[in-house]
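The primary structure of each chain is shown beneath.
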Amino acid sequence: MHVILAGNDESEGQEAVRKIKEETVNGKVEFLHCDLASMKSIRQFVQQFRAKNCPLHVLVNNAGVMLVPERKTEDGFEEHFGLNYLGHFLLTNLLLETLKQSGTCSRNARVITVSSATHYVGRLHLNDLQSRCSYSPHGAYAQSKLALVLFTYRLQHLMTADGSHVTANVVDPGVVNTELYKNVCWATKVVKWMTAWLVFKTPEEGASTSIYAAVSPELEGVGGIYLYNEQRTKSTDVSYDEDLQRRLWTESCKMTRISDVGSRDL
């Protein structure tokens with residue numbers, strides 16, 4: 001098994017590679033730089049990956065920021081929307097042909113995208129995806145997580161229509177004790193510190209559903225579902241709106257300057 005870790009921190013990435021090699025005795029583990037807040041960096045990563053001529057059987061989209069103050073990515077996107085959603089959208093689309101070539105009728109390639117229960121309170125503002133009219137860190141974060149669910153369902157629809165052996169599912173890891181909470185207010189940090197042992201999952205526990213989605217035989221050929229604690233769960237009602245899925249996809253293609261593979265399926 002060849003594992004490639006993508007991230008924007010070289011030292012943390014190399015340390016993760018070292019630990020994986022040590023614990024699994026798998027020498028085929030490497031780190032490649034990829035900053036999901038940069039369209040240029042994403043394209044460079046994809047070029048590096050393609051140059052290796054490796055198949056791609058599983059893509060896990062698991063990066064993000066939460067409750068950051070209003071600021072933009074280098075491409076001018078609101079950071080929650082640009083990094084949490086558009087970065088994964090572009091990365092997946094640029095790797096889509098490799099995924100299609102890697103999947104077979106007996107073993108589909110899999111795309112696993114990590115969202116959050118926060119998507120249940122999210123509102124997608126198609127006329128203001130950058131939250132320019134009224135910025136709220138909570139609202140921007142929830143919108144980005146809802147967008148990931150809509151994206152996953154649309155991707156699965158397109159792969160099914162195309163006859164491709166690629167499945168796409170979305171995962172809710174639960175409340176996990178990670179650095180994602182570094183931007184919350186000090187009072188919340190105190191509560192987190194006091195209750196982490198009781199309320200929060202460990203990073204290992206938080207990763208379990210993503211791993212299940214990536215390798216479980218039970219999910220072979222199964223796509224377009226929302227998973228929580230390794231169980232199929234209903235996502236928010238609006239996430240099943242196929243017109244909204246299509247409109248978000250089309251707008252995302254324009255924003256990332258890629259062709260709309262779903263334009264024929266209107």
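Residues numbered from 1 in each chain as written. Predicted model: local features only at pLDDT ≥ 70, side-chain atom pairs only at ≥ 80, totals over all residues. Heavy atoms only, no water.

Peer 1: Sorry if this is basic, but what is going on with the packing of aromatic side chains here?
Peer 2: Centre distance and the angle of the planes are the two values used to describe a pair of aromatic rings. Considering all chains together, one arrives at eight aromatic pairs under this definition. Their ring planes at 75° and their centres at 6.3 Å tell us that Tyr85 and Phe151 sit as a pair that is edge-to-face. With a gap of 66 residues between them, Tyr85 in helix H3 (residues 79–94) and Phe151 in helix H5 (residues 137–162) connect regions that are remote in the sequence. Ring-pair connections join several aromatic residues into one group, and the members of that group are Phe81, Tyr85, Phe89, Phe151 and Trp249. (Phe/Tyr/Trp six-rings, centres within 6.5 Å; stacked < 30°, edge-to-face > 60°. Helix = DSSP H or I, 4+ residues; strand = E, 2+ residues; numbered from the N terminus.)

Peer 1: Hey, could you run me through the pairing of strand E5 (residues 166–172) in this one?
Peer 2: Looking down a regular strand, the side chains alternate between one sheet face and the other. Most of E5 is tucked away, with seven of its seven residues classed as buried. Residues of E5 alternate between two faces, with Val166, Ala168, Val170 and Asp172 on one and Thr167, Asn169 and Val171 on the opposite face, all of them buried. Here six bridges tie strand E4 (residues 109–114) to E5, and the two strands are oriented parallel to one another. Bridge pairing in E5 places Arg110 opposite Thr167. With H5 bridging E4 and its parallel neighbour E5, the resulting β-α-β unit is right-handed. Two strands pair when backbone bridges link them, and E5 and strand E6 (residues 226–228) are joined in this way by three bridges, in the parallel orientation. The residue bridging Asp172 from the neighbouring strand is Tyr228, located in E6. (Buried < 20%, exposed > 50% of the residue type's maximum accessible area, 1.4 Å probe, protein only. Pairing = 2+ DSSP bridges. Right-handed = clockwise from strand over helix to strand, strands pointing away.)

Peer 1: Would you mind going over helix H8 (residues 242–256) with me for this structure?
Peer 2: For an α-helix, the turn length of 3.6 residues means that residues three or four places apart are oriented alike. For H8, which comprises 15 residues, the first-to-last C-alpha distance of 21 Å matches the rise-based estimate of 21 Å (1.5 Å per residue) to within 8%. Those residues of H8 lying buried are Leu244, Gln245, Leu248, Trp249, Ser252, Cys253, Met255 and Thr256. Where H8 is buried, its residues meet helix H2 (39–51), H3 and H5. Its side-chain oxygen at 3.0 Å from the backbone nitrogen of Asp243, Asp241 defines the N-terminal cap of H8. (Expected span 1.5 Å × (residues − 1). Contact = heavy atoms within 4.5 Å. Polar contact = N/O pair within 3.5 Å; in protein donor to acceptor, adjacent residues only side chain to side chain.)

Peer 1: Which parts of the structure should I look at to understand the pairing of strand E1 (residues 3–7)?
Peer 2: Looking at chain direction, E1 and strand E2 (residues 29–33) are connected through five bridges and run parallel. For Val3, the partnering residue across the bridge sits in E2 and is Val29. Chirality of the crossover, the property in question, places the unit of E1, helix H1 (residues 10–24) and E2 among those that are right-handed.

Peer 1: Looking at this model, I keep getting lost on the side chain of Thr209. Mind explaining?
Peer 2: When you line up the elements, Thr209 lands in helix H7 (residues 203–215). Residue Thr209 is classed as buried on the basis of its relative accessible area of 1%. One polar contact links the side chain of Thr209 to the main-chain amide nitrogen of Glu230, over a distance of 3.2 Å. Not counting chain neighbours up to four residues away, the residues in contact with Thr209 comprise Val171, Leu227, Tyr228, Asn229 and Glu230.

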